[in-house]
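# Geometric and topological summary
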Amino acid sequence: MDIIWDEHGTPTITAEDELEACRGFGRAQALTHATAVLELYGVSRGNAAALWDEEFLEGDVQHARLGLEAAMETWWQAQGAATRTRLQAFCDGINESCAENPALGGDRREVLPVGPRDVVARTFSMFFEFSRFWDQGLAFPPVGGPGLLGGGSSAWAVRAEKSSTGEAMLLINPHIPWIAPYRMFEARTLSPERSCHGATPIGLPWQSFAYTRKIGWTHTVNPLPQLWVYELEVTGDRYLHDGALVPFETQEHLVTVRGAEPVRVMARRSIHGPVIEAPDGTLVAIWVAGVLHQPVTTALECWWQMSLAETVDELFDTQEQWPLPMFNVLAADSSGSVGAAFCGATPARPGGTFDDSRRRLPGDDPTQIWTRLNPPHSLPRVVDPECGWVQNVNETPWWFCDPPLNPGDYPDGIAPGPDQLRDIRSPLSRTALGRPGPISPQDLLALKWDSRVHLADLVLDDLLAACSGIAKLSEAASILHAWDRRADEGSRGYLLFHLWAHDHFPVGDVVMDNSRLTPSLEAGGLPTGLRDPAAAVEALRRAAHRLAELGRSLDAAYGEVARIGTGSDEVPASGGPTYFGLFKCLEIVPTEGAWPAIGGDTWISLICLGSSAPTASGLLVPGPVSEAKAPTSRAQTAFFAAEELVPHPQLP
């Protein structure tokens, strides 16, 4: 096995067989991210506070209260022999790298040695966290903190007949936080059985967004009815269900804390699932489809088998045999085909609606509890639509193509209706792809790098009209009027709009309800203007005051204040939140100093799949390494600022 690093820190792992390739993937990942990976494994075990300190206590307490150890064991026992063997090879690689270099892993080496169960626990934890993505405070606090829910993904695939090059094209573009557990690792693995270039969240054992000589695929987060929340009527140590008071199941856990007294945790379960206190103090039980209940445990094997498929149909058949608990899959192959599939654990609820999973259900009603999942083959899937393309920007699957899919052809309640989840990017994306004539690689890149703040086109005129005659807002209104409505390095007025929009549109409201924008008269169209201009004016007052508090002029240039990267790799910011309607995605945090970028575009890759070897280019942001002793590499933040992709070597 041989590992060669390019100047950008991407390893090429050449191996004699698939197990050597997995071992090399582990070795290389440890060299670039050992500390972060080991911490993730410790957290996933649920004993991080025992290994380190009380900083990790809250997570360990939740792990105990939700009974996640038992759920993880179910996932581990479900793994097949071939999966376990590959996982062991991957873990051998991590352990070998850390044994050879005692500096790797820093102060997180207590986790060593790692084993296959750690990888499965990490996978389980990732899907559990994603299942909370659309929770909206029904059971859990917001995930991750300010700004981290403003991400998403974009994906486009163009059929050969629609492509200007005569080849199928795929643009891969997840955008997520740039910290563990979301940070990604990119690698190329070459072995007789499998040659694959791709990326995956750190801690996972092989590529999950990738391409081979024959096929490429990507994922977007899809809105699933996955997390179900039941409000309980409690009397003492009992809860009401089906007209009777039923005792909770209870189990006491002792959570060990390094350097401190252990903490006792009493876990409670109802017939629905684990019982927790919601942010508003309500006692609720949760039922998590495909993760805690009716677990769909085959994601790791699915990603491996996907890389062995040669056509889009084979790829989707693979997903049906080894299902994913969530995510859309968009793909293209060397025969010129493209496709999109809505994957995930969706409860079979004839007559039910998607909105049932977006409210608390009565815990005393037994009819609200579902007992089985829809089979993967029953979910939305399209291959080679007449329009010549497929797309998804985290909206409902009915808009994969044009004309849209018909929800009536699929099980009830599996996704929002065509008129729901109105992500501003969706109609813009479909309009761009639907223009007459062929689509070129440059067209896809122009769409991907689009930094126009399309939300401003919908609301700014209304806001400025509402500000007319208000003397104290005349400067702010003048600056917004002169703003180019872009999130470019030199854009003056974007920072003020950014603070205003985050104030007036709390994360998610633009796409999740009608309280701020007037919905389009046609399903899937753009909304039209502000519902409450007076409230928008007050939000502008607060935004202008906040910008002044931070010591910035109202017309400060975006890139002078907000920055990407650190040290010599630091560059001016450009791009913004997807829910502002931007395709060049960047999340920033307002502070008294420079405003740092904390997430956004992550692994960008454009692949053209023809009859010969695919041509591809890509970019990993914020960079390839987090380990202090990692191989020397060139950060790619400057390429992001310049909107350039780095060519990939051809796969043999």
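In what follows, the accompanying structure is described. In this text the structure is predicted, and so the values were computed from the model without any measurement. (Residues numbered from 1 in each chain as written. Predicted model: local features only at pLDDT ≥ 70, side-chain atom pairs only at ≥ 80, totals over all residues. Heavy atoms only, no water.)

## Focus on the environment of Leu547
- The topology assignment puts Leu547 in helix 15 (residues 533-549).
- Taking C-alpha positions, Leu547 is 49 Å from Gly408, a pair spaced 139 residues apart along the chain.
- Excluding residues that lie within four positions of it along the chain, Leu547 makes contacts with Leu495, Leu496, Leu499, Arg552, Ser553, Leu554 and Trp595. (Helix = DSSP H or I, 4+ residues; strand = E, 2+ residues; numbered from the N terminus. Contact = heavy atoms within 4.5 Å.)

## Some points on unusual backbone geometry
- Residue Pro181 is reached from Ala180 by a cis peptide bond, and omega for that bond is 10 degrees.
- In this fold, Pro181 is placed in the loop between strand 4 (168-177) and strand 5 (184-191).
- Cis geometry marks the peptide bond from Asp402 to Pro403; its omega dihedral reads 0 degrees.
- Locating Pro403 in the fold gives a position in the loop between strand 21 (389-392) and helix 9 (425-433).
- Even without being glycine, Phe327 reaches a positive phi, approximately 90 degrees.
- On the secondary structure map, Phe327 appears in the loop between helix 8 (312-321) and strand 17 (328-333).

## What about the layout of surface pockets?
- As a volume, the largest pocket reaches approximately 1200 Å³.
- Together, 43 residues line the largest pocket, and Val43, Gly59, Gln62, Glu129 and Arg132 are the ones closest to its centre.
- Contributions of two or more residues to the lining of the largest pocket are made by helix 1 (18-45), helix 3 (57-65), helix 4 (68-78), helix 6 (116-131) and strand 15 (275-277).
- It is helix 3 that provides the largest number of residues to the lining of the largest pocket, a total of eight residues. (1 Å grid on protein atoms, 1.4 Å probe; cavity = no way out; pocket = protein on both sides within 12 Å on 5 of 7 lines; lining within 4 Å. Points joined across faces, edges and corners; volume = space filled by probe spheres on them.)

## A look at helix 13 (residues 494-504)
- For helix 13, a buried count of nine out of 11 residues is recorded, marking the element as mostly surrounded by other parts of the structure.
- What helix 13 keeps buried is the set Tyr494, Leu495, Leu496, Phe497, His498, Leu499, Trp500, Ala501 and His504.
- Buried residues in helix 13 make contact with helix 11 (454-467), helix 12 (474-482), helix 15, helix 16 (558-561), strand 24 (586-588) and strand 25 (595-601). (Buried < 20%, exposed > 50% of the residue type's maximum accessible area, 1.4 Å probe, protein only.)

## Topic: the packing of aromatic side chains
- The tally for this structure, following the rule as stated, stands at 24 aromatic pairs.
- Centroid distance Phe127 to Phe327: 5.6 Å. Interplanar angle 40 degrees. Geometry classified as tilted. One end of the pair, Phe127, is in helix 6; the other, Phe327, is in the loop between helix 8 and strand 17, with 200 residues separating them in the sequence. For the pair Phe127 and Phe327, one class covers both residues: buried. (Phe/Tyr/Trp six-rings, centres within 6.5 Å; stacked < 30°, edge-to-face > 60°.)

## Things to note about the sheet that holds strand 7 (residues 209-211)
- Taken in spatial order, the nine strands line up as 1-2-5-6-7-8-17-18-20 in an open sheet, and their pairing is mixed. In this open sheet, the two strands that pair with only one neighbour each are strand 1 (2-5) and strand 20 (381-383). The sheet shows a mean angle of 15 degrees between the axes of neighbouring strands, taken without regard to direction.
- Sheet topology note: the strand 6 (residues 194-201)/strand 7 ladder contains three bridges and is antiparallel. The partner of Gly198 across the bridge, within strand 7, is Ala210.
- With respect to the sheet, helix 7 (residues 299-306) is in contact with strand 6, strand 8 (215-220) and strand 17, its orientation differing from that of strand 8 by roughly 150 degrees.
- Packing against the sheet, helix 8 makes contact with strand 8, strand 17, strand 18 (338-342) and strand 20, and its axis sits at approximately 160 degrees to strand 20. (Pairing = 2+ DSSP bridges. Axes fitted to C-alpha atoms, helices over the stretch in contact; angles between N-to-C directions.)

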